[in-house]
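Descriptive analysis of the structure
Each chain, written out:
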Amino acid sequence: MAIRRAPVHALLIALCLFSSALHAELVIIGHHGGPDTITVQQVKDIYLNRSSRMPDDQRVVAFQLPAGNSMRDEFNKLVTERNDAWLKSFWSRQVLTGKGHPPREVSSANGMKSVVSSTLGSIGYLDSTLVDDSVKVLLAPEP
Amino acid sequence: MYSVYRTTPRFAFTALALTATLSLPAMADDSDRIDQLEQRLDSMQKQMTESSLEKVRLNGFFSTGYTRANNDAGYDEATEKSDLETLSLFGLQSTFALGRNTDAVLQLVSRGSDDWDTELEWGYLRHQFSNGSELRAGKMRLPLFMESETLEIGYGQPWARPPEAVYDPVPVRSYVGADAAYTLNLSGSSIQARAFAGHLDDDADSLGQTVSVELRNITGLTANWTNYLWTFRGVYARAEATIGGTPPIGDDEKSEFMGLGLSYDDGNWLLMSELTRIEVDGFYQDTDSAYITLGYRVKEVTPYVTASWIESQDNYERDGTPLEVLDVRRQAYSLGFRWDMTTSVALKADWTHARGFGKTTGGLIGNQLDVLAGNPGGRFDSTDVYTVRLDAAF
């Protein structure tokens, strides 16, 4: 039995690695000290300046990837449902009327992991294939 | 470590695969690794804490544009001659954090129409309490309109210019005083009420002269409800107005402002509408105004249409006096678009057709000056105004 099962597993694993490399999925990540899950609506509220707290009531510190990043486009499509032009105009209104500041921009996926893993109350997003155990996956938004 | 992947079973599998194939030899020096990670974490946390306590934030906005009309009726002071100055301005805004919940906000604006003289437009102290209320004192924008706070920030608006019918009859922008606001966040919606009081002393253009405008004992209230899709707004304000000019237009006249606003924005469709009423005792015109704007975003381009209307309600008060030129009746229709060229720069183009002045000057400066110069026949019955404008925020 065991001898027969091993190659099947190896094949499945190979397939999994292959397919996840091709189909990078968006995941919402947070600090280990934060909540275990979050809803799409809660993430949307945070990224559109409607809420300043995580589901566990911690003050939130939100991070985003730079414009042009494919995960940012995916995040805008699945979570904020707003395009970059809208968001830029929205945030300049928020900033110039004193209502808040946009999520801090982190230049790379590695940077995203380090700031999210080291900031209490943090939230960010990442390509699922780049996630490691330094951060906690809170949600994988469904397309 | 598997808890990390709890919500994504597929990656639990991948992780299992990775662990099985790659990470077994690394187990031995786990404690070293943890030490290293902890050090890294400490230094980063320190960096983050430092940057989160930024003391000064600096932002700015810039606009320039070209306006031209098919005649000299004077809609938004546009004439047949090209004009680059009236739409040009440069603003700098800085926020100084004085404490965790207290800051000082400063906005300096230089306008091409004022020979680029720099003016302190805002300068106030703000304290935010943890229960959702906020107190401000200093020089602030008079919150009469839905877009009062972004009045000069073209980048923040869909239009090439705020609809004149509603935004023009109040010739002043900022007052000195204090306000208190309370915001109640409900699930999926939010309500804000703001009470304000203060005093305003400024200059404004009227009938080709610069006249002084003083508003004493300003008091007012705004209320706002939004579910982040729809927004409803109401405002009431009153003051005693003294308006200069030769002859003076008003002396300590009781003035009231009432406004209702509605907006909808789902990321694609955009709807904005405001209805305002101004009542001032004496000669200054009492006007009712309204506009409605509908826009639709197609990627980076947002075409829009606007219809607006203004009409003075107290023409009998000026009958037979030279101030009859202040009577106003006008409809305007605009067709335009906003194009977000890059992430911080928007280009806008607009065509506005104004008509329906009846027996009035349409409230347009060119027509008013013609009538005052004894040439009522020189009035224009309609006007077309073309605008191209560039707005940036940084």
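The preceding data block contains the structure.
Here is a short report on the structure shown in this document.

What counts and how
Residues numbered from 1 in each chain as written. Chains lettered and ligands numbered in written order. Predicted model: local features only at pLDDT ≥ 70, side-chain atom pairs only at ≥ 80, totals over all residues. Heavy atoms only, no water. Phe/Tyr/Trp six-rings, centres within 6.5 Å; stacked < 30°, edge-to-face > 60°. Lys NZ or Arg CZ within 6 Å of the ring centre and 35° of its normal. Helix = DSSP H or I, 4+ residues; strand = E, 2+ residues; numbered from the N terminus. Expected span 1.5 Å × (residues − 1). Polar contact = N/O pair within 3.5 Å; in protein donor to acceptor, adjacent residues only side chain to side chain. 1 Å grid on protein atoms, 1.4 Å probe; cavity = no way out; pocket = protein on both sides within 12 Å on 5 of 7 lines; lining within 4 Å. Points joined across faces, edges and corners; volume = space filled by probe spheres on them. Contact = heavy atoms within 4.5 Å. Pairing = 2+ DSSP bridges. Axes fitted to C-alpha atoms, helices over the stretch in contact; angles between N-to-C directions. Parallel < 35°, antiparallel > 145°, perpendicular 65-115°, else oblique. Nonpolar A, V, L, I, M, F, W, Y, C, P; charged D, E, K, R; others polar. Patch = residues over 30% accessible without salt bridge, like charges linked within 9 Å, V, L, I, M, F, W, Y side chains within 5 Å. Areas by Shrake-Rupley, 256 points an atom, 1.4 Å probe, with all protein chains shown as cover. Salt bridge = Lys/Arg side-chain N within 4 Å of Asp/Glu carboxyl O. Lys, Arg positive; Asp, Glu negative; His and termini not counted. Charge placed at Lys NZ, Arg CZ, Asp CG, Glu CD.

So, the packing of aromatic side chains
Any pair of aromatic rings gets described here by the distance separating the centres and the angle formed by the planes. Scanning all chains against the criterion turns up 18 aromatic pairs over all chains. Joined through ring pairs, the aromatic side chains of B:Phe145, B:Trp159, B:Tyr167, B:Phe257 and B:Tyr291 make up one cluster. Across from the ring centre of A:Trp86, 4.8 Å away, lies the NZ or CZ of A:Arg82, which sits over that ring. The ring centre of B:Tyr124 lies 4.8 Å from the NZ or CZ of B:Arg136, which sits over that ring.

Let's talk about unusual backbone geometry
Positive phi values are uncommon outside glycine, yet A:Glu81 reaches one of about 55 degrees. Mapped onto the elements of the fold, A:Glu81 is located in the loop between helix 3 (70-80) and helix 4 (84-96). With a phi angle near 50 degrees, B:Asn217 is a residue other than glycine that sits in the positive phi range. Residue position: B:Asn217 is located in strand 8 (residues 209-226).

Brief notes about helix 4 of chain A
All names here are of chain A. Taking 1.5 Å per residue, 13 residues should reach 18 Å; helix 4 reaches 18 Å between its end C-alpha atoms and fits that length. Capping the start of helix 4, Asn83 holds a side-chain oxygen 3.2 Å from the backbone nitrogen of Ala85, two or three residues further along. Positive backbone phi, approximately 70 degrees, marks Gly98, located one or two places after helix 4.

Overview of empty space enclosed by the protein
All names here are of chain B. Applying the stated rule across the entire model yields three cavities of 30 Å³ or more. Forming the walls of the largest cavity are 21 residues, and the residues nearest its centre are Val170, Leu215, Ser255, Ile278 and Val280. Elements with a minimum of two residues in the lining of the largest cavity: strand 8, strand 9 (230-243), strand 10 (250-265) and strand 11 (269-280). Element by element, the count of residues in the lining of the largest cavity is highest for strand 9, at five residues.

Description of the environment of B:Gly282
Residue and element names in this part refer to chain B. Relative to the assigned elements, Gly282 resides in the loop between strand 11 and strand 12 (287-296). For the pair Gly282 and Ser255, spaced 27 residues apart in sequence, the C-alpha separation works out to 9.7 Å. If near-sequence neighbours (up to four positions away) are discounted, Gly282 is found in contact with Glu253, Asp314 and Glu317.

Examining the environment of B:Leu186
Tracing the chain through its elements places B:Leu186 in strand 6 (residues 174-186). Along the backbone, B:Leu186 and B:Asn227 are 41 residues apart, and their C-alpha atoms lie at a distance of 9.2 Å.

Details of the sheet that holds strand 4 (residues 122-127) of chain A
All names here are of chain A. With mixed pairing, five strands are arranged side by side in an open sheet as 3-2-4-1-5. Since the sheet does not close on itself, it has two edges, and those belong to strand 3 (104-105) and strand 5 (136-139), each with one partner. Summarising the sheet, strand 1 (residues 26-30) and strand 4 pair through five bridges and their orientation is antiparallel. Residue pairing across strands places Gly30 opposite Ile123, the latter belonging to strand 4. Running over the sheet, helix 2 (residues 40-47) touches strand 1, strand 2 (61-64), strand 4 and strand 5 and is turned about 110 degrees from strand 4. Across the sheet, helix 5 (residues 109-118) touches strand 1, strand 2 and strand 4, and the angle it forms with strand 4 is around 150 degrees.

Some details on the packing of helix 2 of chain A against helix 3 of chain A
Residues and elements named next belong to chain A. Interhelical geometry of helix 2 versus helix 3 gives an angle of 115 degrees and a closest axis separation of 9 Å. When the axis of helix 2 is compared with that of helix 3, the two are roughly perpendicular. Facing Val40, Val43, Lys44 and Tyr47 of helix 2, the residues of helix 3 in contact are Phe75, Leu78, Val79 and Thr80. Across the contact of helix 2 with helix 3, the residue classes tally to six nonpolar, one polar and one charged.

Concerning a negative patch on the surface
Taken together, B:Glu77, B:Asp168, B:Asp201, B:Asp203 and B:Asp205 make up a surface patch of like negative charges. Here B:Asp203 shows up in strand 7 (residues 189-206).

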